[in-house]
Amino acid sequence: MSTDSLSSIILTLVTFMPLAGGLLLMLLPRRDRDIRIFALVISLLTFVLCLHLPVYFQRGQTDFQYQVDRQWVSTPNIHYHMGVDGISLWLVVLTTFLTPLCVLISWKSIHERVKEFFILLLILETALIGVFTSLDLFLFYFFWEATLIPMALLIGIFGHERKVYAAVKFFMYTMIGSVFMLAAILWLYANTGSFDFVVIRDKIASGAVPGFAAAAQWLFLGFFLAFAVKVPLFPFHTWLPDAHVEAPTAGSVLLAGVLLKMGTYGLLRFNLGLFPEQARHNAWWVMTLALIGIIYGALVAMVQPNMKKLIAYSSVSHLGFVVLGIFSFTQAGLNGAMFVMLAHGISTGALFMLAGILHERRHTYEISEFGGLASPMPVYAASYLVIVLASAGLPLLNGFIGEFLVLSGAFQARAVYGILGATGIIWSAVYLLWMYQRVFYGKVTHPVNNSLSDLSRFEKMAIWPCAAAAVVMGVAPIVWLGAIDPAVHAVIATFPQTVSRVVGQ
Amino acid sequence: MIAQTMIATIAPAFSQALPQTADYVRILPEIVLSIFGMIVMVLEPLLDEEQSQKVLGLIALVGTLAGLGATWFMAQPQYQGLAFWNMVQVDAFSVFFHVLVIAIGAVVILSSYEYMAVQRIRAGEYYALILFGVVGMALMSSAIELVLIFIALEISSISSYVLAGFRRHEAASAESSLKYFLLGSFATAFFLYGVALMFGATGSTNIAQISRTLLAGPIPLLAYVAVAFMFVGLGFKVAAAPFHVWTPDVYEGAPAPIVGFMSTAPKAAAFAVLLRVVFVIDVPGMLWLIWVSAALSMTLGNLGALVQNNVKRLLAYSSIAHAGYLLVAFAASPSLGASAAMFYTAAYAAMNLGAFAVVSHLANAGERYVTLEDYEGLGRSSPLLAAALTIFLLSLIGIPMTGGFFAKFYVFSAAVKANLIWLTIIGVLNSGVGAYYYLRIIVMMYMRESRREVPVTPVPFALGVALASCMAATIYLGIFPSHVLQYAQDSAQQLVLDPSRQPSSSALISSVSTIQ
């Protein structure tokens, strides 16, 4: 009984718990230790609450679950409509999983303006969860824009040398991308009278939207542009390396782990969900961009002298896989895309933490500054190896499952996409292992590195959960795919119909 | 009463010549504000300078509060209607703008307290002029007679011309005042010329009458010219491109609290007039005039603001851009556009006044600290003030949870509904570009260390109240926009379906009904 009543408010609780914590944090006195502990407690509590979602999730169902639907603003008709399905469920869990780790990894490294840092981090968490849980387009846009400010401030205040440039670039790219989505949302509202995702989807599917045929391509592009900047797809990716290199570690973790997934989630939810026909028409060039992203990202990552930039470009490559899988319109491809999102969130998040740990000790990300670190820092080296292998797609670790599924989906769609995409896996092994070799193997090249301390307590607490998750996800992917599969099936179920309708004309 | 009814029965012609009690109630806020303005003027020479700062400000503040009370009284249903021979109309629309401009006046008076003392400005005329200016603006929103609108426009303009030059020792302020005066009189002349031509074209200066004449028959060419001229005059007042060139110079020189005042209250009033003119006098072709002006204002305003280094100039260009967003609503369909525009003026007033209250506090004696560099490190030296300014700036960008977000949202959604897709795209792109320069200020405050010594004095009580009320309004409009929007929609509905537009209900009937 109590689970029923909890089910109706659980999403609201999970979403706004961090925000409430952040507001409380404002009232706390500036004692850094207390603030850190408080932020950790709040983020852990959110994670524990969030576990309610997968535990009581009805796996067979394709409909949205834990729904709340209340009117928020009467004119225009804006609802507070939240709900999760198999697609958004795990992204929410991923967000709440990574945030406590971000708190832990920032325990020592942030020592100025500690209060502001954790307030921003918690506000960011609420906005991120809100993006994945909202089913009202207005609410979605609301949270989407709300992620911008805390992230830009985290980069701009707590970042490294060129932080201001990076923060402004990040803000402007995303802002300008998303105004096109706003225009598309406004058009949909003007012609359907609703912001509700489900209502709009059904109206479009039944052909009840006036003027839709003429506008559909523009609407698709409006949403696409906002998401493509966020993913980022190939020509829109230039903000990403700057933002990552300059961001503080926790910022990078959330940026790579969750913020980029907002883009791919949006493509899957809105571009495929609302405009299946246009998605199919535009698939060829979107997949081409994704392939360029996979290969270009990997090649650029290979030649980076800066460890953080290398990881950033590897994100461009990995997210290319996600887009490739989404636009293959196959069950395997979409399942794989979802799994890559989660796996990338864990492994790249962990890679950024590991890079941050080195930066804290040596204040540089240059790969040439290191070498032979395996002897002074054995635990660090071992943890790093697990994560690198997971990211490179070694079987039995989480990276493998997703990429394998994506590639098999891409093969089904068109063999050449699969073949070209598969080269991305080779490249990723090259740049990651080569980087690992240069940093950890051989003799210690710089004497300073001899005295580097190994992982501290807090760092272990932050890294090991990621390593454990990488292993569990690689061994038992069915736990995740079981919920993803029906939801994905529901998304592509609309496709044969649209095809037959086009053929029937 | 008996005498009145007697006159009414004996000589119907006279009954219209004598104003009734209800007529006075319908301009009660204006009367109250004028009386308080005069009290301030009379007391000013009687008090010594030390006292006058506090006392006169307090009287002026009480005056605005009394004005709000009078507006509340006027808003009772039995006082809705026409007054003074169809020159003034009290409806939800005019009540909305009354509350808005009087509240703006109150906040400006609150934020001027400290400023006056720091800048060593004699207080008397200053507060009186603010009150008189508010009288003119309030009257603009309820006048439905073009000549009365012109008079109200002049009352408000002349006060602002003088107020702009109040930093007497500064050459920039004198320049600002003179520039504003010369260009402003030029623009009002345009408006007056438009009124004259409209009279020539339709034989009336009553908006409802003009609307009926234009609806009835073929529209004379003269009417197009008249509307264009009136638009020029009002376009100047709201700082819409291409009539915006005065704005940065005038804002730069004028006292900071007055800039906050000038950029919100007269604009709101001029927009109210424009709303009546656009939606009641329905001239085809007006749409394209507004379309072009809106697109130009948004683009020129935002591009101009990108390169500014003086915060007051930056906000001046931003106000041009915001006039452009507002005009987008005008180009949209009547009922949707009018309510969106009303919401926008309210939200814009809250956020812009707040921003200028912060700017005027930081400016210090002689307005020395108004460049972007002076804001470096403010997040550290004065976290609360920086947080307040950040909220106002985020609202100006249009970030969720602030009034500015819903304001933009309603405007663009009205435009999309009216199928103005290109204007919407120009608008949303502009709001993306616009984010950059507001962000620059935030960057300065939080991400840079201060390089030179900028003294930050603690926030005095009055300014704190002003800031808190602006902030409360900004956030309230950002989270619970329904109430204000609903009110705006109802009054816009009244405006568009104005009974006086229907030929059947003549104005005479309503004036007779007020007698009873």
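What you see is a predicted model; the values in this text were computed from it and never measured. (Residues numbered from 1 in each chain as written. Chains lettered and ligands numbered in written order. Predicted model: local features only at pLDDT ≥ 70, side-chain atom pairs only at ≥ 80, totals over all residues.)

*Asks:* With reference to specific residues and values, describe the overall build of chain B.
*Replies:* When its secondary structure is counted, chain B shows 24 helices and 2 strands. Its C-alpha atoms give chain B a radius of gyration of 22 Å, within 12% of the compact-globule value 24 Å for 516 residues. Expressed along its principal axes, the backbone C-alpha trace of chain B runs to roughly 80 × 60 × 40 Å. A total of 516 residues make up chain B; the buried ones form 61% of that total. (Helix = DSSP H or I, 4+ residues; strand = E, 2+ residues; numbered from the N terminus. Rg over C-alpha atoms; globule rule 2.2 N^0.38 Å. Buried ≥ 20, exposed ≤ 12 C-beta atoms within 10 Å, placed from the backbone.)

*Asks:* Which residues make up the overall build of chain A, and what values go with them?
*Replies:* If you tally the helices and strands in chain A, you get 20 helices and 2 strands. Against the 2.2 N^0.38 benchmark of 23 Å for 505 residues, chain A shows a C-alpha radius of gyration of 22 Å, consistent with a compact globule. A principal-axis box enclosing the C-alpha atoms of chain A has dimensions of 75 × 55 × 45 Å. For chain A, contacts bridging at least 24 residues in sequence account for 80% of all contacts bridging at least 6. (Contact = placed C-beta atoms within 7 Å.)

*Asks:* Which residues make up the interface of chain A and chain B, and what values go with them?
*Replies:* Interface size, as often reported, equals the accessible area lost upon joining of the parts. Each side of the interface is counted separately: chain A has 26 residues, and chain B has 25 residues. Contributing elements (two or more residues each) for the side of chain A that touches chain B: helix 6 (137-146), helix 7 (148-158) and helix 8 (163-192) of chain A. With 15 residues, the top contributor of residues to the side of chain A that touches chain B is helix 8 of chain A. When the residues that make up the side of chain A that touches chain B are grouped by side-chain class, the tally is 21 nonpolar, 3 polar and 2 charged. (Nonpolar A, V, L, I, M, F, W, Y, C, P; charged D, E, K, R; others polar.)

*Asks:* Quick one: what's the story with the confidence of the model for chain A, residue by residue and with numbers?
*Replies:* Caution applies to low-pLDDT regions: their predicted coordinates should not be interpreted in detail. On average, residues of chain A score 87 in pLDDT, and 97% of them reach the 70 mark or higher. Note that residues 497-505 of chain A has pLDDT below 50 and, in this model, 2 contacts with residues that lie over four places away or in other chains. (pLDDT = per-residue confidence, 0-100.)

*Asks:* Break down unusual backbone geometry for me, citing the residues and quoting the values.
*Replies:* Of note, the amide linkage connecting A:Val231 to A:Pro232 takes the cis form, showing an omega dihedral of -10°. Structurally, A:Pro232 can be placed in the loop between helix 10 (212-230) and helix 11 (239-246). The amide bond that connects B:Ala241 to the next residue, B:Pro242, takes the cis arrangement and shows omega of 0°. By the element assignment, B:Pro242 lies in the loop between helix 11 (221-237) and helix 12 (247-253).

*Asks:* Could you give an account of the confidence of the model for chain B, with specific residues and numbers?
*Replies:* Residues and elements named next belong to chain B. In the predicted model, chain B carries a mean pLDDT of 84, and 92% of its residues have values of at least 70. The least confident element of chain B, judged by mean pLDDT, is helix 24 (residues 507-515) at 38; the most confident is helix 4 (residues 28-43) at 92. Here residues 499-516 scores under 50 on pLDDT; set against residues more than four positions off or in separate chains, the count is 23 contacts. Scored as a whole, the predicted complex attains pTM 0.85, and scored at its interfaces, ipTM 0.78.

*Asks:* Break down the packing of helix 14 (residues 307-326) of chain A against helix 18 (residues 415-440) of chain A for me, citing the residues and quoting the values.
*Replies:* Residue and element names in this part refer to chain A. It is at 11 Å that the axes of helix 14 and helix 18 come closest, and there the two elements cross at 160°. By the angle between their directions, the pair helix 14 and helix 18 is classed as roughly antiparallel. Along this stretch, helix 14 crosses helix 18, giving a crossing that reads as left-handed. Within the contact between the two elements, helix 14 uses Met307, Leu310, Ser314, Ser317, Phe321 and Leu324 and helix 18 uses Tyr417, Gly421, Gly424, Ser428, Tyr431 and Met435. Grouping the amino acids of the contact of helix 14 with helix 18 by side-chain chemistry returns 7 nonpolar, 5 polar and no charged. (Axes fitted to C-alpha atoms, helices over the stretch in contact; angles between N-to-C directions. Parallel < 35°, antiparallel > 145°, perpendicular 65-115°, else oblique. Left-handed = near helix turned anticlockwise from the far one by under 90°.)

*Asks:* How would you sum up the packing of helix 17 (residues 398-413) of chain A against helix 18 of chain A? Please name residues and give values.
*Replies:* All names here are of chain A. Interhelical geometry of helix 17 versus helix 18 gives an angle of 155° and a closest axis separation of 6 Å. If you check the angle between helix 17 and helix 18, you find them roughly antiparallel. Counted together, Glu403, Leu407, Ala410, Phe411 and Ala413 of helix 17 and Ala415, Tyr417, Gly418, Gly421, Ala422 and Ile425 of helix 18 form the full contact between these two elements. Residues that form the contact of helix 17 with helix 18 fall into these classes: 8 nonpolar, 2 polar and 1 charged.

*Asks:* Can you tell me about helix 18 of chain A, naming the residues and giving the values?
*Replies:* All names here are of chain A. Between its first and last C-alpha atoms helix 18 spans 38 Å; for 26 residues at 1.5 Å apiece the expected length is 38 Å, and the two agree. Along helix 18, the residues that are buried comprise Tyr417, Gly421, Gly424, Ile425, Trp427, Ser428, Tyr431, Leu432, Met435, Val439 and Phe440. Against helix 13 (276-302), helix 14, helix 16 (378-392) and helix 17 lie the buried residues of helix 18. A positive backbone phi angle near 85° is found at Gly442, which sits one or two residues after helix 18. (Expected span 1.5 Å × (residues − 1).)

*Asks:* Give a description of helix 8 of chain A that names residues and reports values.
*Replies:* Residues and elements named next belong to chain A. For helix 8, with 30 residues, the first-to-last C-alpha span of 43 Å sits near the 44 Å given by 1.5 Å per residue. For helix 8, the buried fraction is high: 26 of the 30 residues fall into the buried class. Positive phi shows up at Gly193, right after helix 8, with a value of about 75°.

*Asks:* Residues and numbers for the pairing of strand 1 (residues 65-73) of chain A, please.
*Replies:* All names here are of chain A. Here strand 1 pairs with strand 2 (residues 78-84) via 6 bridges, running antiparallel. Of the residues in strand 2, the one forming a bridge with Asp69 is His81. Counting the residues between successive antiparallel strands, the hairpin from strand 1 to strand 2 contains 4 residues. (Pairing = 2+ DSSP bridges.)

*Asks:* Now, about the environment of A:Leu259: what can you tell me, with residues and values included?
*Replies:* All names here are of chain A. Among the secondary structure elements, Leu259 is positioned in helix 12 (residues 249-274). Along the backbone, Leu259 and Ile204 are 55 residues apart, and their C-alpha atoms lie at a distance of 28 Å. Ignoring anything within four residues of it in the chain, the contact list for Leu259 reads Thr147, Met151, Lys230 and Leu254.

*Asks:* I'd love a proper account of the environment of B:Met41, names of residues and values included.
*Replies:* Residue and element names in this part refer to chain B. Secondary-structure assignment places Met41 in helix 4. Residue classification places Met41 among the partly exposed residues on the basis of 17 C-beta atoms within 10 Å. Those residues in contact with Met41 that sit more than four places away from it in its chain are Gly124 and Ala128.

*Asks:* A description of the environment of A:Val388 should follow, citing residues and the corresponding values.
*Replies:* Residue and element names in this part refer to chain A. Residue placement: Val388 occurs in helix 16. Using a count of 24 C-beta atoms within 10 Å as the deciding quantity, one classes Val388 as buried. Along the backbone, Val388 and Val84 are 304 residues apart, and their C-alpha atoms lie at a distance of 31 Å. Not counting residues within four places of it along the chain, the set of residues in contact with Val388 comprises Leu432 and Tyr436.

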